[in-house]
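# A structural walkthrough
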Amino acid sequence: MIRLLRRRGPVAAFAALAMAAGPLVAQQPLPPDQQAEVLLTAARKAHNEGNLPAATQAYRDLLQKFPNVPQANGARFGLGIVLLNSPDQDFAKAIESLTPVANDGGSPDRPAAAYYLGVCQRALALKELAKPNNKPAADAKFAEAHRWFATARDLYAGAKLDEKAARARCDQMEMELR
């Protein structure tokens, strides 16, 4: 093979080396950002297809393996929404997942995360009300829901999303009536 490469010149030698090294280059792992993007895409696809268990697992895998990549807040938001939409709604875990997104001023999902935090807090307050002698705990949750709905209203209004701002304002007013 070396004789053949010498006869054909340096271009042929480079091409032969590139072909031989091709499988080695293909086996190199993707950088963390790209791996996270692959996982986030798979999670969103599963979510959009209604496969909530697969979406939940993919979001959790991304957050476990790559908690500090730029895509992490997208995964946190997606996981929070999946936890709200799943048959076994887990409001406490949704709050845990959505809070960092709602507090991140650079996140495009911040207004929606704040709104869904209000939804979660309201749901937990209603559960507290169903228990005997739990009005103070329920009132605390309603106050927290009020705060998140107000935050969402302001963020939506700032983004000129008037219908969403109005919806958040209505939910905020409901908390004031409680």
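Scroll up for the structure.
Residues numbered from 1 in each chain as written. Predicted model: local features only at pLDDT ≥ 70, side-chain atom pairs only at ≥ 80, totals over all residues. Heavy atoms only, no water.

### Observations concerning helix 5 (residues 72–85)
Selection criterion: To qualify as a helix, a DSSP run of H or I must reach at least 4 residues; to qualify as a strand, a run of E must reach at least 2; elements of each kind are numbered from the N terminus. Take the residue count of a helix, subtract one, and multiply by 1.5 Å to get its expected span. The buried label goes to any residue with under 20% of its type's maximum accessible area, the exposed label to any with over 50%, and the partly exposed label to all in between, with areas taken from a 1.4 Å probe on protein chains only.
For helix 5, built from 14 residues, the straight-helix expectation of 20 Å at 1.5 Å per residue is met to within 8% by its first-to-last C-alpha distance of 20 Å. Taking burial as the measure, the 14 residues of helix 5 include 13 buried ones, the bulk of the element.

### Describing the pattern of salt bridges
Short version of the rule: For this analysis, a salt bridge means a side-chain nitrogen from Lys or Arg found within 4 Å of a carboxyl oxygen belonging to Asp or Glu.
According to the stated counting rule, one finds 8 salt bridges in the structure shown. Asp171 serves as the salt-bridge partner of Arg122, at 3.0 Å between the closest nitrogen and oxygen. With Arg122 in helix 7 (residues 110–130) and Asp171 in helix 9 (residues 162–177), the pair connects residues that are 49 residues apart, well separated along the chain. The pair formed by Arg122 and Asp171 is uniform in burial state, with each residue classed as buried. One salt bridge connects Asp154 with Arg153, and the closest N-O pair in it is separated by 2.7 Å.

### Remarks on the side chain of Arg76
Using the following cut-off: The convention is simple: Lys and Arg are positive, Asp and Glu are negative, and His and the chain ends are not counted. Polar contacts here mean pairs of N or O atoms no more than 3.5 Å apart (in protein, one a potential hydrogen donor and the other a potential acceptor; neighbouring residues in sequence count only if both atoms are side-chain atoms).
The residue Arg76 is located in helix 5 in this model. No salt bridge is formed by the buried Arg76; its nearest oppositely charged neighbour, Asp104, is found at 7.1 Å. A distance of 3.1 Å separates a polar atom in the side chain of Arg76 from the backbone oxygen of Pro67.

### Side note on the packing of aromatic side chains
So the rule is basically this: Stacked, edge-to-face and tilted are the three classes for Phe, Tyr and Trp ring pairs, Trp counted by its six-membered ring, which pair at centre distances within 6.5 Å; planes under 30 degrees apart are stacked, over 60 edge-to-face, the rest tilted.
One pass over the structure, following the stated rule, counts 2 aromatic pairs. A ring pair is formed by Tyr115 and Tyr116, whose centres lie 5.5 Å apart and whose planes are at 80°; its orientation type is edge-to-face. On the accessibility criterion, Tyr115 (10% relative accessible area) is buried. Owing to a relative accessible area of 31%, Tyr116 belongs among the partly exposed residues under this scheme. Centre to centre, the rings of Tyr115 and Phe149 are 5.3 Å apart; their planes meet at 55°, and the pair counts as tilted.

### Thoughts on the environment of Ala123
Note that Ala123 resides in helix 7. Ala123 gets classed as buried once you look at its relative accessible area, which sits at 16%.

### Description of the nonpolar core
Put simply, the rule is: For the purposes of this section, nonpolar cores are sets of buried Ala, Val, Leu, Ile, Met, Phe, Trp, Tyr and Cys residues that join through side-chain atoms within 4.5 Å. Any two residues whose heavy atoms approach within 4.5 Å at even a single point are treated as in contact.
Formed by 47 residues in total, the largest nonpolar core has its most connected members in Tyr59, Leu62, Phe77, Tyr115, Cys120 and Tyr156. At the level of elements, helix 3 (32–48), helix 4 (52–65), helix 5, helix 6 (91–102), helix 7, helix 8 (135–158) and helix 9 are the ones that each hand at least two residues to this core. Other than its neighbours up to four places away in sequence, Tyr59 contacts Leu40, Ala43, Arg44, His47, Gly74, Ala75, Gly78, Leu79 and Val82.

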